[in-house]
Amino acid sequence: MAELNLILVGPPGAGKGTQAERITEDFNLPYIATGNILRAAVAEGTELGLKAKGFMDAGGLVPDDVIIGVILDRLQAEDAAEGFLLDGFPRTVPQAEALGADLSSLGRQLTAVLLIDVSDDEVIRRLSGRRVSAKTGRVYHVEFDPPKNEGVCDVDGSRLIQRDDDKPETIKNRLAVYHEQTEPLVDFYSNLGLLRRFDGSRPPAEVHDRIRAQIAALRVEGSL
Ligand code: AP5
């Protein structure tokens, strides 16, 4: 079976984490999300967390030299040898170049870059209503994807919280940073013939069906 080396790209709140949860289950891929790795490092107070916290709280990006090594190391782990789903990396052209160089030095290549597209207004609506389980990390929305019981996770009953960077002023800054530093990746990967675009304004189940069908088709193509 061909490797599935996938990247999820899109503005904050596009639904990357929501879809990643389903895709990793469908295709049995390790889920490597820079946001989750960095938030865990901040919570644990590690050196990485201390370096990252200020940038994250302001809605900016952690510097390339801090994040690149962390992710390239993570890709060396055994569970990523047959494929991976990266969410939140790369987020700048230098990060994309570093990833490309690293994979080709290992004789590997990307399968596809999945872009989930939504408008800025939708991002603001989604992030202001997002709630996350402090324990399992499962994502909800107070209106679009509410838990069965208000304020608690369906999976284990843990408390739902609002992320620090989901405050209105920070959301605006994250969007500006996305347009300036991450959106150039759309052309970058389009030029490499790797980009697949999905309309993220559709309901989660519909977005998932389309992404799953595309990945299944790519896997068949890759094994021919
Ligand atoms: P990160 O955690 O990656 O944040 P992000 O990219 O801003 O993405 P989000 O997690 O906010 O959104 P999402 O697209 O996963 O949406 P979700 O599924 O939750 O990064 C955080 C920070 O870390 C960055 O700001 C930066 O500082 C730093 N960082 C991370 N990677 C870095 C890197 N490579 N370099 C430098 N710095 C880095 O959905 C959002 C809401 O919408 C939820 O409530 C959900 O229920 C709802 N929803 C989802 N899909 C739908 C739908 N189809 N319809 C209606 N509602 C929906």
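Analysis parameters
Note on numbering: residues in each chain are counted from 1, in written sequence order. In keeping with the predicted nature of the model, local features appear solely for residues at pLDDT of at least 70, side-chain atom pairs appear and are counted solely at 80 or more, and the whole-chain, interface and lining totals rest on all residues. Calculated side-chain values reflect all of the structure's heavy atoms, with hydrogen atoms and water omitted. Here an axis means a line fitted to C-alpha atoms, over the contact stretch when the element is a helix, while the angle between two N-to-C directions is reported on a 0 to 180 degree scale. Runs of H or I in DSSP of at least four residues are treated as helices and runs of E of at least two as strands, each being numbered from the N terminus. In these notes the angle categories are as follows: under 35 degrees is roughly parallel, over 145 is roughly antiparallel, 65 to 115 is roughly perpendicular, and the rest is oblique. Crossing handedness is read from the near helix: turned anticlockwise from the far helix by less than a right angle, it gives a left-handed crossing, and turned clockwise, a right-handed one. The contact definition used throughout considers only heavy atoms, calling two residues in contact when any of these lie within 4.5 Å. Residue polarity is assigned by list, with Asp, Glu, Lys and Arg as charged and Ala, Val, Leu, Ile, Met, Phe, Trp, Tyr, Cys and Pro as nonpolar; anything else, Gly included, falls into the polar class. Burial status follows relative accessibility: with a 1.4 Å probe on protein chains alone, a residue under 20% of its type maximum counts as buried, one over 50% as exposed, and anything between as partly exposed. Paired strands, in this sense, are two strands between which DSSP finds at least two bridges. A helix is expected to span 1.5 Å for every residue after the first. Think of the arc as the fan of directions from the helix axis to the C-beta atoms. For Phe, Tyr and Trp, where Trp contributes only its six-membered ring, two rings pair if their centres lie within 6.5 Å, and the inter-plane angle classes them as stacked under 30 degrees, edge-to-face over 60, or tilted in between. Throughout this description, the term charge over a ring refers to an Arg CZ or Lys NZ atom that lies within 6 Å of the ring centre and within 35 degrees of the ring normal. Here a cavity is any set of points on a 1 Å grid over the protein atoms alone where a 1.4 Å probe fits but cannot get out, and a pocket is any open set with protein on both sides within 12 Å along at least 5 of 7 lines; a residue lines the site when it has an atom within 4 Å of a point. Grid points are joined across faces, edges and corners, and a volume is the space filled by probe spheres set on the points.

1. Observations regarding the packing of helix α4 (residues 64-75) against helix α5 (residues 93-105)
(1) Moving on: Orientation of α4 relative to α5, taken along the N-to-C sense of each, is 30 degrees, at an axis distance of 10 Å. The angle between α4 and α5 places the two elements in the roughly parallel class. The element α4 and its partner α5 pack so that their crossing is right-handed. On α5, the residues touching Asp64, Ile67, Ile68, Leu72 and Leu75 of α4 are Pro94, Gln95, Ala98, Leu99 and Asp102.
(2) Moving on: A per-class count over the contact of α4 with α5 returns seven nonpolar, one polar and two charged.

2. Overview of the pairing of strand β1 (residues 4-9)
(1) Moving on: Burial of β1 is extensive: six of the six residues sit out of reach of the surface.
(2) Moving on: Burial along β1 is two-sided: the residues Leu4, Leu6 and Leu8 and Asn5, Ile7 and Val9 are all buried.
(3) Moving on: In this sheet, strand β3 (residues 83-87) lies alongside β1 in parallel orientation, the contact comprising five bridges. Note that in β3 the partner of Leu6 across the bridge is Leu85.
(4) Moving on: Here β1 runs beside strand β4 (residues 112-117); their pairing, made up of four bridges, is parallel. Bridged to Val9 within β4 is Leu115.

3. Structural notes on helix α1 (residues 16-27)
(1) Moving on: Taking 1.5 Å per residue as the helical rise, α1 with its 12 residues ought to reach 16 Å, and the 16 Å between its terminal C-alpha atoms agrees with that figure.
(2) Moving on: Listing the buried residues of α1 in full gives Lys16, Gln19, Ala20, Ile23, Thr24 and Phe27. Angular distribution of buried residues about the axis of α1 spans 130 degrees; they occupy a single face of the element.

4. Looking at the packing of aromatic side chains
(1) Moving on: Enumeration according to the criterion identifies one aromatic pair in this entry.
(2) Moving on: The ring of Tyr140 carries Arg138 above its face, with NZ or CZ at 4.6 Å from the centroid.

5. Digging into the layout of surface pockets
(1) Moving on: Size it by volume and the second largest pocket reaches roughly 230 Å³.
(2) Moving on: Along its surface, the second largest pocket is lined by 16 residues, and Glu3, Gln109, Leu110, Thr111 and Gly222 are the ones closest to its centre.
(3) Moving on: Sorting the residues of the lining of the second largest pocket by element identifies β1 and α9 (204-223) as the ones contributing at least two each.
(4) Moving on: Looking at side-chain class alone, the lining of the second largest pocket contains five nonpolar, six polar and five charged residues.

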